[in-house]
Amino acid sequence: MTMTAESRRMSEADRAGLAARSPEGHAAKSMHIRGREEEWIQIQANTFKNWVNVNLRECGLEVQDLAQDFTDGTRLVALVETLQKRKLRHNKRPQSQPHALENITIALDAIQEDGIKLVNIGNTDIQNGNVKLILGLIWSLIAHYQLGASNFPPKKLMLAWLKAVLPDCNIKNFTSDWNNGINLSALLDYCRPGLLPNWQRLSPNNGPENCKRAMDIAEREFKIPMVLEPQHFASPHLDELSGMTYLSYFMKEEDSPGYYSTLNWVKNQIPNLRINNFRTDWNDGLAAAALVKSKGGPVPGFRQINNKPENWVSNLDIAMKGAQKIGVSPVMESRDIANPNVEYLGVMAWAAQFQWIQDKQGPGELLEVKMGGNKCRVGEKCEFLIDIHDKSQVAMDQVTAEVSGPSGPINIEFDPRDGKGHFTAKEFGMHEVLVTN
């Protein structure tokens, strides 16, 4: 029997699906089912279906049943085309199972080509309506295209940002902490101060009412789609991924009220720098260092920081260390932020913490370096004195001093007990005394 190229591809796709099918695949394992499985799956299926339909709206398609409506692959291809903003060659009117399997394979291949790792799900799983695996596939699309997640768990970064912008709410999860609608109301007020100024007076006993009111306002004011029904958001059976899906609309990159609320605060805090995103504008560490310094945090050698790529990680190390000293915890490591493909949510969560740090004088304003004379000559001893203005904030025994000349650091003698020191200049040019704490 002679096999055509089309039939050969169909059989390969079919075998791949058969080999991948598993009741406990990667997607299913990512979902934490704790009893009441029927309610859990119903809420998640409804939420994910609504998310799919929001994205299919522009091409005039709709999904009613996740188990049935992806079986011929046309809607799955349309969803991928919308998310990837490109067209995929496929059979728009499949008349047979091989045609349907080919469509599904085209969609799955395109998803994987975009860097999304799919494990234990194949074309036959989707055609057979394996709901758990289909839900897992949709969550992978949400995490990648809506949250930009790849190397970091989206839950960790989302939670970090929510904790940063709502420090009074003690948020720990995406389920029970949101059932009474109070935290959602607080989030709306963060996105636009004054929108719900009395959120702290809401009664936790009016969860369904609070959720509906807040979600109506979110839809009206910010066009956040109600992919999650208010009664489901207030339900004790709310599953984690459904909660994350809805809340992700508040922090989508360059397309959400929370994103712009944090970004606008940063712009106002460090107006001398042009900050337009939470990715490439932070790679070199200059924005991070400036933000720390704006809150009075220590940034040794701030004026010497340059944006050469080989210095990016060290610049960020200095900024992160200074941030920790004023109470800002790291969300990611310096080498991660220095990556042009950094997860924007991690940077955004770190920067958001600064909003609640009390302004205070920087280290440079708490002390003064006085030279022993008006001039310092080559070959002669130059004396200096560190005078601390506020000894309640800076202890002299914790102060160190360095001197740098035109060619780099030079040897000095410094006594932290009285703040006196001296050095001998060996060349002409500017010499700088750097004091650190």
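Residues numbered from 1 in each chain as written. Predicted model: local features only at pLDDT ≥ 70, side-chain atom pairs only at ≥ 80, totals over all residues. Heavy atoms only, no water.

I'd like to hear about unusual backbone geometry, residue by residue, with values.
Backbone geometry at lysine 85 places phi at a positive 55°, although glycine is not the residue there. A relative accessible area of 74% means that lysine 85 is categorised as exposed. Despite not being glycine, lysine 223 shows a phi value in the positive range, around 60°. Within the element layout of this structure, lysine 223 appears in the loop between α10 (207-222) and α11 (230-233). (Buried < 20%, exposed > 50% of the residue type's maximum accessible area, 1.4 Å probe, protein only. Helix = DSSP H or I, 4+ residues; strand = E, 2+ residues; numbered from the N terminus.)

An account of helix α7 (residues 131-146) is needed here, citing residue identities and associated values.
Between the first and last C-alpha of α7 there are 21 Å, a value that for 16 residues agrees with the 22 Å anticipated at 1.5 Å per step. Within α7, 12 of the 16 residues are buried, leaving the element largely enclosed by the surrounding structure. Looking at α7, one finds that the buried residues are Leu133, Ile134, Leu135, Gly136, Leu137, Ile138, Trp139, Ser140, Leu141, Ile142, Ala143 and Gln146. Downstream of α7 by one or two residues, glycine 148 has phi in the positive range, about 65°. (Expected span 1.5 Å × (residues − 1).)

Outline the packing of helix α4 (residues 74-84) against helix α5 (residues 97-113), supporting the account with residue identities and numerical values.
With their axes 8 Å apart at the nearest point, α4 and α5 run at an angle of 25° to one another. Put simply, α4 runs roughly parallel to α5. When you trace α4 past α5, the crossing you get is left-handed. For the pair α4 and α5, contact is made by Thr74, Leu76, Val77, Val80 and Gln84 and by Asn103, Ile104, Ala107, Ala110 and Ile111, respectively. Partitioning the contact of α4 with α5 into residue classes produces seven nonpolar, three polar and no charged. (Axes fitted to C-alpha atoms, helices over the stretch in contact; angles between N-to-C directions. Parallel < 35°, antiparallel > 145°, perpendicular 65-115°, else oblique. Left-handed = near helix turned anticlockwise from the far one by under 90°. Contact = heavy atoms within 4.5 Å. Nonpolar A, V, L, I, M, F, W, Y, C, P; charged D, E, K, R; others polar.)

Residue-level account of the confidence of the model for the protein chain, with values.
In the predicted model, the protein chain carries a mean pLDDT of 86, and the fraction of residues at 70 or more is 86%. With pLDDT under 50 throughout, residues 1-34 is counted as low confidence; its partners more than four residues away or in other chains account for 53 contacts. (pLDDT = per-residue confidence, 0-100.)

How would you sum up the packing of helix α13 (residues 257-269) against helix α17 (residues 344-352)? Please name residues and give values.
The angle between the axes and the distance between the axes are what describe a pair of packed helices. At a minimum axis separation of 10 Å, α13 and α17 run at an interaxial angle of 55°. Judged by the inter-axis angle, α13 sits oblique to α17. Viewed along their axes, α13 and α17 form a crossing whose handedness is left-handed. Every residue of α17 that contacts α13 at Tyr259, Thr262, Trp265 and Val266 is listed here: Tyr344, Met348, Ala351 and Ala352. In terms of residue class, the contact of α13 with α17 is built from seven nonpolar, one polar and no charged.

Can you lay out the packing of aromatic side chains for me, pointing to particular residues and giving the numbers?
Evaluation of the coordinates by the stated rule reveals 12 aromatic pairs. Summarising the aromatic geometry, the rings of phenylalanine 384 and phenylalanine 414 are spaced 6.2 Å apart at their centres and angled 10° between planes, so their arrangement reads as stacked. Linking phenylalanine 384 in strand β2 (residues 381-388) with phenylalanine 414 in strand β5 (residues 412-415), this pair joins segments that are 30 residues apart in sequence. For phenylalanine 414, a relative accessible area of 21% corresponds to the partly exposed category. Members of the aromatic cluster, joined through ring pairs, are Tyr259, Tyr260, Phe278, Trp282 and Tyr344. (Phe/Tyr/Trp six-rings, centres within 6.5 Å; stacked < 30°, edge-to-face > 60°.)

Lay out the environment of isoleucine 106 in plain terms, naming residues and giving numbers.
With respect to the helices and strands, isoleucine 106 occurs in helix α5. Classification of isoleucine 106 as buried rests on a relative accessible area of 11%. For the pair isoleucine 106 and arginine 89, spaced 17 residues apart in the sequence, the C-alpha separation amounts to 8.1 Å.

Could you give an account of the side chain of asparagine 210, naming the residues involved and the relevant values?
Secondary-structure assignment places asparagine 210 in helix α10. A residue is classified by how much of its surface remains accessible, and asparagine 210, at 6% relative accessible area, is buried. A polar contact is formed between the side chain of asparagine 210 and the backbone oxygen of asparagine 180, at a distance of 3.0 Å. Among all residues touching asparagine 210, those that are not within four sequence positions of it are Asn180, Gly181, Ile182, Ser185, Leu202 and Ser203. (Polar contact = N/O pair within 3.5 Å; in protein donor to acceptor, adjacent residues only side chain to side chain.)

Could you give me a rundown of the pairing of strand β3 (residues 400-405), with the residues and numbers involved?
Residues Ala401, Val403 and Gly405 point to one face of β3 and are all buried, whereas Thr400, Glu402 and Ser404, pointing to the other face, are not buried. Where β3 meets strand β4 (residues 408-410), three bridges bridge the pair, whose relative direction is antiparallel. Within the sheet, the bridge partner assigned to serine 404 lies in β4 and is proline 409. Between β3 and β4, which follow one another and run antiparallel, lie two residues. (Pairing = 2+ DSSP bridges.)

Any details on α10? Residues and values, ideally.
With 16 residues, α10 should reach 22 Å at 1.5 Å per residue; the first-to-last C-alpha distance of 21 Å fits that figure. Those residues of α10 that sit buried are Gly207, Asn210, Cys211, Ala214, Met215, Ile217, Ala218 and Phe222. Along the axis of α10, the buried residues cluster in a sector spanning 160°; they form a single face. In α10, those exposed residues whose orientation departs by more than 90 degrees from the buried face are Pro208, Glu209 and Arg220. Buried residues belonging to α10 abut α9 (182-191), α11, α12 (240-248) and α13. (Arc of directions from axis to C-beta.)

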